[in-house]
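What follows is the residue order along each chain.
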Amino acid sequence: DSGVTQTPKHLITATGQRVTLRCSPRSGDLSVYWYQQSLDQGLQFLIQYYNGEERAKGNILERFSAQQFPDLHSELNLSSLELGDSALYFCASSVATGSAQFFGPGTRLTVL
Amino acid sequence: ILNVEQSPQSLHVQEGDSTNFTCSFPSSNFYALHWYRWETAKSPEALFVMTLNGDEKKKGRISATLNTKEGYSYLYIKGSQPEDSATYLCAFTGRGSTLGRLYFGRGTQLTVWP
């Protein structure tokens with residue numbers, strides 16, 4: 001158990017819908033990262049927040065957005081969902097940018 | 001586009017065999033190299049973070065070396081056990097604005113047969 005929690009574990013929804021994935025980092029970690037793992041793709045970095053502020057952005061679609069709240073939990077919002085958005089979404093946290101990242105259990109999103 | 005390559009893609013060994021995998025990454029703008037172990041139906045588990053050229057890290061039967069000048073890292077498993085079966089991922093992080101971003105390789109899938 002890494003200490004990072006993610007909810008929900010599974011999510012099934014329809015195309016065009018909007019969903020919110022939630023992540024709580026390890027106690028004391030200020031950085032939160034979001035990654036996507038699609039079929040036939042490696043883990044792809046989406047976005048990083050550090051203490052409430054966006055720190056780095058990867059290949060995140062405009063339909064996706066994220067935020068980190070004052071209590072340091074983070075949410076990833078996915079809108080206008082397409083079939084290709086079906087993937088495993090991981091949240092990770094670290095005490096500082098550049099240090100070891102600890103991964104949560106992931107949210108498996110299925111878009112039908 | 002930043003490429004992190006891992007080889008081999010998969011490996012099947014007998015219990016007791018020792019094995020090693022390779023991770024190659026850009027040698028410029030290097031900050032750290034991470035190794036993760038990812039078991040099926042679980043989340044990636046951090047093994048090592050390596051930052052210095054020539055660095056060697058060890059955790060039980062697993063060890064790793066780092067060559068930042070030529071851009072490669074090796075992961076070794078001594079006396080493989082069935083419970084070592086997993087996908088081993090390496091990830092590169094560079095200096096500057098991308099410091100927090102991990103660039104992952106596709107992994108080496110290890111299967112250890114009893």
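For the structure, see preceding data.
Residue numbers run consecutively from 1 along every chain, following the written order of its sequence. The lettering of chains begins at A and the numbering of ligands begins at 1, in the order of writing. Only residues with pLDDT of at least 70 get local features here, since the model is predicted, and only at 80 or more are side-chain atom pairs given and counted; chain-wide, interface and lining totals rely on the full set of residues. The side-chain values count all of the structure's non-hydrogen atoms but skip hydrogen atoms and water molecules.

**Some points on the nonpolar core**
Part 1 of the argument: By nonpolar core is meant a set of buried Ala, Val, Leu, Ile, Met, Phe, Trp, Tyr and Cys residues that side-chain atoms within 4.5 Å join together. Relative accessibility decides the category of a residue: with a 1.4 Å probe and only protein chains considered, values under 20% of the type maximum give buried, values over 50% give exposed, and everything between is partly exposed. Residues B:Leu33, B:Trp35, B:Phe48, B:Leu75, B:Tyr88 and B:Leu110 are the most contacted members of the largest nonpolar core, which totals 24 residues.
Part 2 of the argument: Helical segments are the DSSP runs of H or I of at least four residues, strand segments are the runs of E of at least two, and each set is numbered from the N terminus. Per element, the largest residue contribution to this core is four residues, and it comes from strand E9 (residues 86–94) of chain B.
Part 3 of the argument: In contact with B:Leu33, not counting residues within four places along its chain, are B:Cys23, B:Phe25, B:Phe48, B:Val49, B:Met50, B:Leu66, B:Ser73, B:Cys90, B:Ala91 and B:Phe92.
Part 4 of the argument: A:Leu21, A:Ile60, A:Leu81 and A:Ala87 belong to the second largest nonpolar core, which has 21 residues in total. We call two residues in contact when some of their heavy atoms are within 4.5 Å.

**Details of the state of the cysteines**
Part 1 of the argument: Two cysteine sulfurs form a disulfide in these notes if their separation is within 2.5 Å. Applying the stated criterion across every chain yields a total of two disulfides over all chains.
Part 2 of the argument: In this model, A:Cys23 is linked to A:Cys91 through a disulfide, with the two sulfur atoms separated by 1.8 Å. One quick way to see it: the torsion about the S-S bond of A:Cys23 and A:Cys91 is about -50 degrees, and its sign makes the bridge left-handed. Of this pair, A:Cys23 sits in strand E3 (residues 19–24) while A:Cys91 sits in strand E9 (residues 87–94), placing them 68 residues apart in sequence.
Part 3 of the argument: Among the residues examined, A:Cys23 registers a relative accessible area of 0% and is labelled buried.
Part 4 of the argument: Here A:Cys91 falls in the buried class, since its relative accessible area comes to 0%.
Part 5 of the argument: Note that B:Cys23 is cross-linked by a disulfide to B:Cys90, the S-S spacing being 2.0 Å. Judged by the sign of its S-S torsion, about 80 degrees, the bond between B:Cys23 and B:Cys90 is right-handed.

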